[in-house]
Amino acid sequence: MKLVLSVFTCLIITFSSFAQGQRPASTGAIPGVTGKITGSVTDSLTKKPVDFATVAISRSGDARSINGTISDDKGNFTLENIAPGKYRISVSFIGFKTKVIDPVDFDGTKLTLSLGNIILSPTANILQAVEIQGEAILVENRVDKLVYNAEKDLTSTGGDASDILRKVPMLSVDLDGNVQLRGSSNIRVLINGKPSGSMAASVADALAMIPADEIKSVEVITSPSARYDAEGTAGIINIITKKTTLFGVNGSVNASAGTRRNNAGVNLNIRNGNFGINSRINGNFFIPQTSTVNFFRQDFLNNDTRTLSQNGNSKTSRFGGSGSVGFDWDINAFNNLSSNIRYNRFESSFDGLQNAIFEDPNAANQIYDRDTDQTSNRNGLDFSIDYRKTFKKPQQELSFAAEFNTNDNFSNYNLFQSGNQAMLNRQERSFNNGTNNENTFQFDYVQPFAKESVLEFGAKTVFRTITSDYTYELFNHNNNQFEVDNNRTNAFSYGQDVFAAYSTLSFGLGSGFTVKGGLRYEYTKIGGEFDGAVASFSNDYDNFVPSVTFAKRFKDFKTVRLSYSRRIQRPGFRFLNPYVNSADVRNIEFGNPNLAPELTDNFELGFGGLIGKVSVNASLYYRNTRDVIESVLIVDPNGVSITTFDNIAKSNAFGFNTFGSFQITNRWNLRGNANVFYNKLQSARFNSEGNSGVDYNFNLNTSFTIVEGLAAEAFGLINSPRRTLQGTNASFSLINFGVRKDLFNKKGSLGLGLSNPFKRERNFGSELRGDNFFQSNQVAVPFRSINLNFRYSFGKLETQRRPRGERQNINNDIKQGEEGGEGGGNR
């Protein structure tokens, strides 16, 4: 931490001194200095802001646009990097008369020129305009990503990030909060474009710590360009949290109380002039729930069949919290410095009681009871600092970024087992201390050229260090003490360094055609060792990662896109950690430190736009993956199942996904998402016949404005069982209802949410098959819940808004764990 603070202090001093030398005088136009033109857009009839209005700027007397932007959700806009001169400003939106201001004299005596409030008058097609405006708020189909704007979500109010992600096109989220993109869990989840140490440990747990009320939008990038890290074979999910840069002091408080989960949070923002501070603190608590478990396995050995039956219940509780503070400093018109520090803590406990029978035709039946208590604690600290320099030329930009992540994991269990045979009686405990540290340094440069051409290049280094120190202790009844079991106790350290460089070029071909291509090179150096006599290991490899996208935009806002990208997926901590979880001696689990990365080629043909009154986003895709990392189960001759991870298969997936939104009336909206794909898994070592079939997930959402300030919503989803090489994992379905009432002139709101109202429990089943076994697991989980939610925003703000351009983003992508539950050591 001292190193982080030292780097932080030095960078502030350095950039401050550098910027002071470039600060322009307060009066008089300075050659080469650029500034900003700001304003706001309002509907003349409703007096409400017009968001997503197009603001174009051209030379005075010339209609040919040289720059532009769109208004935000408050109707505010900013045109940046404007040199002194006379301009023509055009403001337009579908269903409104275009407003032209000419001339606009920007003499450069001030860095910011405000145009004030620009009022647009509706045309005769105002009803259609309102409908189309609603579509734009919901989903944006950009050239390189799909953006789902989640701010108006009612049924997820009081929930967490996983509830929001369930509604995002192309995504599916299971019971444990594990996320898939088009049926693949090989994704990278970022927060505001940056990785988090808590995500590296467990995506599901990290999502549970982000309140739904704090999420502004979710970006889904299925074909990332070479600027992004090559990892995340299915794509990247970027969660954007709410953050204001309005002048003044403002904030919000939110709280949710319910029968299953409770959370509360406070958000505070302060901005004065060019400097802003933002802070946030959140906490959540899941009321302990008791689930029932029925496990059955048959082992086929020679001509005999053995069976293992386990029935019981388990109680799980979870609570956690996070806090962050950051600043944003416009040093002058060309230089910006920002930083953020975030702390996460997550704790969970598991108390399970199992009754088991192991039947072997060649031996006496084993009957025993097992009581297990498990706890898991995770603490994470993320620190980042970003510097961005802009130039006179629009879009030209140089940026540097550094990030330091540390995540500490601690898990343990206590086990007591008694049975009808002396060998079944055991009492033991286990401790596993782990750390996951990442240090990242990155620079990027963007150089625009004529004719819509942009060149980007940059470099990046990531230094990862993972450790796991695990100890087993057995109770000795002779001296009534726990003693270390040296046969299962060890320490593991793992290092992974990545060195990368990239370049991309995008350009227009005329008639609405755009091409963006790039190449990324990544060199990976891996090393690891165990304490004791176990030999160390190392592995180095490099990858060239190309990407290319062809896009065609039409005058009626439709877009067609064809893209190809190659991606790699390095295994994460849970997959690598060799810690053996043997709380159930008949079912043990451990990671594999010798895993190789996956390599995937993605092809996609997509369409987005309006068809009549329906907003549609659809795509066909093909995904080919080699060295697929999956869990594999083997049953040994003693009737013990061993679960670990291996590069066991290759996969070919062909799919189609579509999202549609229809504004039935100006008060009633209907939205739906569907993803259907055929997946074929093949393996030369395990299950030579492979596994193939059709998987799917669907969701449907409808919202209705009852009266002004009172709205209701309903949401439902169905996910098919997920196909693996050895079988299928549990299917998942859900239905939610919500209603929200605005209060205090829309500064506050009160909401009521109901989940799974028609049945108290949901049953989740999975099946696995191998050459010598069949296994079934059925879990019944309490799922009906009701939540009361409250949110209030406070503070006095000025109407001027100063949004920044896109920040330099760091994203380090490794394959995440597929499960968010307990067991299996650190994840």
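Residues numbered from 1 in each chain as written. Predicted model: local features only at pLDDT ≥ 70, side-chain atom pairs only at ≥ 80, totals over all residues. Heavy atoms only, no water.

Bringing the overall build of the protein chain into the picture now. What the protein chain contains, in helices and strands, is 6 helices and 42 strands. Taking the intrachain contacts of the protein chain between residues at least 6 apart in sequence as the baseline, contacts between residues at least 24 apart amount to 68%. On the protein chain, roughly 34,600 Å² of surface is accessible, and the fraction owed to carbon and sulfur atoms is 57%. (Helix = DSSP H or I, 4+ residues; strand = E, 2+ residues; numbered from the N terminus. Contact = heavy atoms within 4.5 Å. Areas by Shrake-Rupley, 256 points an atom, 1.4 Å probe, with all protein chains shown as cover.)

Before going further, it helps to spend a moment on the sheet that holds strand S7 (residues 112-120). Read across the sheet, 3 strands follow the order S4-S1-S7 without closing on themselves; strand pairing throughout is mixed. The sheet is open, and its two edges are formed by strand S4 (76-82) and S7, each paired on a single side. Here the strands of the sheet are splayed against their neighbours by 20° on average, with no regard to which way each runs. Examined bridge by bridge, strand S1 (residues 35-43) and S4 share 5 bridges and lie antiparallel to one another. Residue pairing for S4: Gly35 is matched across the bridge by Ile82. (Pairing = 2+ DSSP bridges. Axes fitted to C-alpha atoms, helices over the stretch in contact; angles between N-to-C directions.)

If you trace the backbone, Ser376 turns up in strand S20 (residues 366-390). Since its relative accessible area comes to 5%, Ser376 is described here as buried. (Buried < 20%, exposed > 50% of the residue type's maximum accessible area, 1.4 Å probe, protein only.)

Below, the discussion takes up the pairing of strand S38 (residues 732-743). Direction of pairing for strand S36 (residues 710-719) relative to S38: antiparallel, over a ladder of 10 bridges. Its bridge partner lying in S38, Ile718 is registered against Ser733. Here S38 pairs with strand S39 (residues 748-755) via 8 bridges, running antiparallel. Paired with Arg740 across the two strands is Gly751, which belongs to S39. Between S38 and S39, which pair antiparallel one after the other, the connecting turn spans 4 residues, and Phe744 there sits at a positive phi close to 55°.

Applying the stated criterion across every chain yields a total of 23 aromatic pairs. Taking 4.9 Å as the distance between ring centres and 45° as the angle between the ring planes, the aromatic pair formed by Tyr521 and Phe544 counts as tilted. With Tyr521 in strand S26 (residues 513-530) and Phe544 in strand S27 (residues 537-553), this residue pair connects regions lying 23 residues apart in the sequence. The class of Tyr521 is partly exposed, set by a relative accessible area of 28%. (Phe/Tyr/Trp six-rings, centres within 6.5 Å; stacked < 30°, edge-to-face > 60°.)

What follows concerns the side chain of Asn405. Structurally, Asn405 can be placed in strand S21 (residues 397-419). In terms of polar contacts, Asn405 uses its side chain to reach the side chain of Glu403, at 3.1 Å. (Polar contact = N/O pair within 3.5 Å; in protein donor to acceptor, adjacent residues only side chain to side chain.)

With 23 residues, the main nonpolar core has Leu165 and Ile215 as its most contacted residues. Put simply, the parts of the chain that give this core at least two residues each are strand S9 (146-149), helix H3 (161-165), strand S10 (171-173), strand S11 (179-181), strand S12 (187-191), strand S13 (215-221) and strand S14 (235-241). The next biggest cluster of nonpolar side chains, apart from the first, holds 20 residues, and it includes Ile37, Val41, Phe77 and Ile82. (Core = buried A, V, L, I, M, F, W, Y, C linked by side-chain atoms within 4.5 Å.)

Here the bond from Asp102 into Pro103 is cis, since omega is 5°, no more than 30 degrees from zero. By the secondary structure assignment, Pro103 is in strand S6 (residues 99-106). Located in the positive-phi region is Asn302, a residue other than glycine, with phi close to 55°. Along the chain, the position of Asn302 falls in the loop between strand S17 (275-301) and strand S18 (304-330). Taking the relative accessible area as the measure of exposure, Asn302 reaches 75% and is therefore exposed. Unusually for a residue other than glycine, Asn480 sits at a positive phi of about 55°. Among the structural elements, Asn480 can be located in the loop between strand S23 (454-476) and strand S24 (481-484).

Turning our attention to the pattern of salt bridges. If charged atoms from side chains of opposite charge come close, those side chains can pair. Applying the stated rule across the entire model yields 20 salt bridges. In this structure, Glu522 and Arg520 form a salt bridge, with 2.8 Å as the shortest nitrogen-oxygen distance. One network of salt bridges, in which partners are shared, links Arg227, Asp444, Glu456 and Lys516. (Salt bridge = Lys/Arg side-chain N within 4 Å of Asp/Glu carboxyl O.)

Within the secondary structure, Ile57 is located in strand S2 (residues 54-59). The buried category is assigned to Ile57, whose relative accessible area is 1%. Sequence-wise, Ile57 and Ile82 are 25 residues apart; in three dimensions their C-alpha atoms are separated by 9.6 Å.

What follows concerns the pairing of S13. S13 sits mainly inside the fold: 6 of its 7 residues count as buried. With 4 bridges connecting them, S9 and S13 associate as antiparallel partners. Bridged to Val147 within S13 is Glu219. Here 6 bridges tie S13 to S14, and the two strands are oriented antiparallel to one another. Note on S14: the bridge partner recorded for Ile215 is Thr241.

Here we come to the confidence of the model for the protein chain. Mean pLDDT over the protein chain stands at 80; residues scoring 70 or higher make up 82%. The least confident element of the protein chain, judged by mean pLDDT, is helix H2 (residues 126-138) at 38; the most confident is S24 at 93. Residue range residues 1-32 is modelled with pLDDT below 50. Its contacts to residues more than four positions away, or to other chains, number 39 contacts. Low pLDDT, under 50, characterises residues 816-827; the stretch is placed with 58 contacts to residues that sit more than four places away or in other chains. (pLDDT = per-residue confidence, 0-100.)

Moving on, we come to the environment of Asp371. Topologically, Asp371 is positioned in strand S20. Given the relative accessible area of 34%, Asp371 is considered partly exposed. Considering only alpha carbons, one finds Asp371 and Leu353, 18 residues apart in sequence, at a separation of 4.6 Å. Those residues in contact with Asp371 that lie beyond four places of it in its chain are Asp351, Gly352, Leu353, Asn414, Leu415 and Phe416.

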